[in-house]
Amino acid sequence: MANHVKLATEFVKNSERARWHDKALWFVRSKRDIAASSVPEWELLREKASAIKLHTMSRLPELLAQFEANAKSRGIHVHWARTAADHNAIVLDLLQHHNVRQVVKSKSMLTEECHLNPFLQRHDIQVVDTDLGERIVQLRDEPPSHIVLPAIHIKKEEVGEVFHEHLGTQAGATDPQYLTEAAREHLRAKFLAADAGITGVNFAVAETGGFVVCTNEGNADLGVSLPKLHIACMGIEKLIPRAEHLAVFLRLLARSATGQPITTYTSHFHGPLQGGELHVVLVDNGRSEILGSDDFRRSLNCIRCGACMNTCPVYRRSGGHSYGTTVPGPIGSILAPARDVAQHYSLPHACSLCGSCTDVCPVKIDLHHQLLAWRREIRVRGHLPRSKALAMRLTSWVCRRPRLYNLMGRMARFVLRVTPRFLTYNRRNAWGLQRELPVPPRKSFRDSFDAD
Amino acid sequence: MLESWVEYANPTEKFLELLAAVGGRGHCVDDLSAAREIIRQNKTLASAARIASAVPELEPGNVDLEQIDDPHELADVGLAIVPGVFAVAENGAVWLDASMWRHRVLPFLAQHTCLVVPAGEICNNMHEAYGRLDFAASGFGLFMSGPSKTADIEQSLVIGAHGARSLTVFLVG
């Protein structure tokens, strides 16, 4: 079973590339800092955003019902999906009902989570991801490695290669302008030929029954303003109570994600296209379980900005593909175990508990606290690897016996001082592969303290 | 909300500054004829073969939107001109209400887009913006801030992704 340690080890083997990836993500983090510091009321906005989300979570059923009623009064169809499978079935049914063969889809992590694309492909419906980064990874037949910057792990030479193969661009081309122009032409044809458009939802508003989709490229709007069928897929946690609340979230979202004051297009959908149909699919897929957990409820505040990923030293140096889950990084390491703890037990341990994620989260999720809580949960549910579980039990046993603890400390200080280096640092000491142990002191703290 | 949010001494200036920062072009003009002149002086905009305008007093255009039923026929529009409702200083955005022109896709599908906004209709921040908006009668509206763009290829910013390659905003009056 692939876990973060194994996958990350592969990633860091190419240390130059790992360093490039690290710098690229840190650059995005620093743009966020500049944007945040330019807003004098930044901390107040974060506090408000968190409060609005917590309020929403406390009244989710009634607000969802309000959303549905208001949406329906606007001529918007609302569907409810308990699981990913339900969601996929609903979308397929709608598409088949309208004889759709070609779909264009703008960025939706929710549809990634439900594995919608391969499902539709199996039913002979062609799905084209229209966000440039998503299209690149789609052509390379790999998942996105970041929720906002899907192709952040790819170099322009590699984009040139995949475009040469699929779009007919010049071999060896690397100029981003040239490559983007080629993608523009290619995707424009797709927009014009599409039978239906699928989008995600950044925010749904209970008060109005409408929803907001944010892009920089305009691909969502093009995708749903030409064909007559628009299907918007959303996790139920994307709901907010009132339209005025959008001001708070929109001031935080793009600044946290990329350092921009706002995305180029922030589209508010309150009804279908003339002569068209608009459908919203509300998806639970484990969110109610998280809602019921005191420890992890706040993770539903997430507005999918990616700021936690950009700052996380582990994510920056291991890449999104090391997480083996749709949403990587700190937030992903909290959401994934909730869905499947057996598969994702390693993720909460892929963390130095530095707390940088919590610092930058625009909706004040206590990310690093939840990651620590998950480590406890993983042990309680019996998914801690045997070696770690044994080591923990041994340590706990020793720590409960002060005299034994002191004796072991004394022995360790002695042994480390006299042991030749090659015995301490070798393949068996995985921890010591890239780190130096501290120099063992002559006296323990207790000895020094008692002496005084 | 009861808080007081950021306000600018000169919101118009702030708007123009932010618009430029996101790759858009802004012009304060006294009247529509001044705007027309600016368009004529711009080689790229002036050379557009097909112009679809929902602001006929500025530019009648040569695409009759009322005669077109299928928005796909707008694929060859070089320049789109649509009215904006108000501007937002803090982020260079303009609120557009699609009920003010025919075919929602127009400002996204055209190669270049111009927005015409009354000069006095400008607010400081997004909270004020939502104070002005009433979604009761709205079908589709959006904040548009600058031209389309992407940085998905090795973080290099490219202006003109799928939407308009350029955005020009006229603050008129």
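Before reading on, note that the structure itself is shown above.
Residues numbered from 1 in each chain as written. Chains lettered and ligands numbered in written order. Predicted model: local features only at pLDDT ≥ 70, side-chain atom pairs only at ≥ 80, totals over all residues. Heavy atoms only, no water.

Engineer: Could you give me a rundown of the packing of aromatic side chains, with the residues and numbers involved?
Structural biologist: Taken as a whole and judged by the stated rule, the model has 13 aromatic pairs over all chains. Aromatic side chains phenylalanine 445 of chain A and phenylalanine 449 of chain A sit 5.7 Å apart centroid to centroid with 25 degrees between the ring planes, which places their arrangement in the stacked category. In this pair, phenylalanine 445 of chain A and phenylalanine 449 of chain A both sit in helix H23 (residues 445–451), 4 residues apart, roughly one turn of the helix. As far as burial versus exposure is concerned, phenylalanine 445 of chain A and phenylalanine 449 of chain A are alike and both exposed. Centre to centre, the rings of tryptophan 95 of chain B and phenylalanine 143 of chain B are 4.8 Å apart; their planes meet at 65 degrees, and the pair counts as edge-to-face. Residue tryptophan 95 of chain B is located in strand S5 (residues 93–97), and its partner phenylalanine 143 of chain B is located in strand S8 (residues 140–144); the two are separated by 48 residues in the primary sequence. (Phe/Tyr/Trp six-rings, centres within 6.5 Å; stacked < 30°, edge-to-face > 60°. Helix = DSSP H or I, 4+ residues; strand = E, 2+ residues; numbered from the N terminus. Buried < 20%, exposed > 50% of the residue type's maximum accessible area, 1.4 Å probe, protein only.)

Engineer: Any details on the side chain of arginine 29 of chain A? Residues and values, ideally.
Structural biologist: All names here are of chain A. Within the secondary structure, arginine 29 is located in helix H2 (residues 15–37). Residue arginine 29 is classed as buried on the basis of its relative accessible area of 13%. Not counting chain neighbours up to four residues away, the residues in contact with arginine 29 comprise Asn310, Thr311, Ser356 and Val360. (Contact = heavy atoms within 4.5 Å.)

Engineer: Quick rundown of the sheet that holds strand S10 (residues 277–283) of chain A? Include the residues and the values.
Structural biologist: All names here are of chain A. Strand order in the open sheet formed by 6 strands is S1-S10-S7-S4-S2-S3, with parallel pairing between adjacent strands. Edge strands, defined here as strands with exactly one partner in the open sheet, are strand S1 (76–81) and strand S3 (126–129). Taken pair by pair, the neighbouring strands of this sheet meet at an average axis angle of 20 degrees, ignoring direction. As judged from the 6 bridges shared by S1 and S10, these two strands associate in the parallel manner. (Pairing = 2+ DSSP bridges. Axes fitted to C-alpha atoms, helices over the stretch in contact; angles between N-to-C directions.)

Engineer: How would you explain helix H10 (residues 176–193) of chain A if you had to name every residue and give the values?
Structural biologist: Helix length check: H10 of chain A (18 residues) gives 25 Å between terminal C-alpha atoms against 26 Å at 1.5 Å per residue, within 8%. When we look at burial in H10 of chain A, the residues that qualify are Pro176, Leu179, Thr180, Ala182, Ala183, Arg184, His186, Leu187, Arg188, Lys190 and Phe191 of chain A. (Expected span 1.5 Å × (residues − 1).)

Engineer: An account of the interface of chain B and chain A is needed here, citing residue identities and associated values.
Structural biologist: Interface size, as often reported, equals the accessible area lost upon joining of the parts. Tallying the contact residues gives 49 residues for chain B and 68 residues for chain A. For the chain B and chain A pair, buried surface summed over both sides reaches about 5000 Å², with 58% attributable to carbon and sulfur atoms. Ranking the residues of chain B by area buried against chain A places Asp152, Ile153 and His162 of chain B at the top, with a combined share of 17%. For the pair chain B and chain A, the interface holds 3 salt bridges. The closest approach of N and O atoms between arginine 165 of chain B and glutamate 181 of chain A, which form a salt bridge, is 2.8 Å. Run the count over chain B and chain A and you get 27 residue pairs in polar contact (both at pLDDT 80 or more). Among the elements of the structure, helix H4 (106–109), helix H5 (126–132), S8, strand S9 (149–150) and strand S10 (158–159) of chain B are those that each provide at least two residues to the side of chain B that touches chain A. (Buried area = accessible area lost by both parts, 1.4 Å probe. Salt bridge = Lys/Arg side-chain N within 4 Å of Asp/Glu carboxyl O. Polar contact = N/O pair within 3.5 Å; in protein donor to acceptor, adjacent residues only side chain to side chain.)

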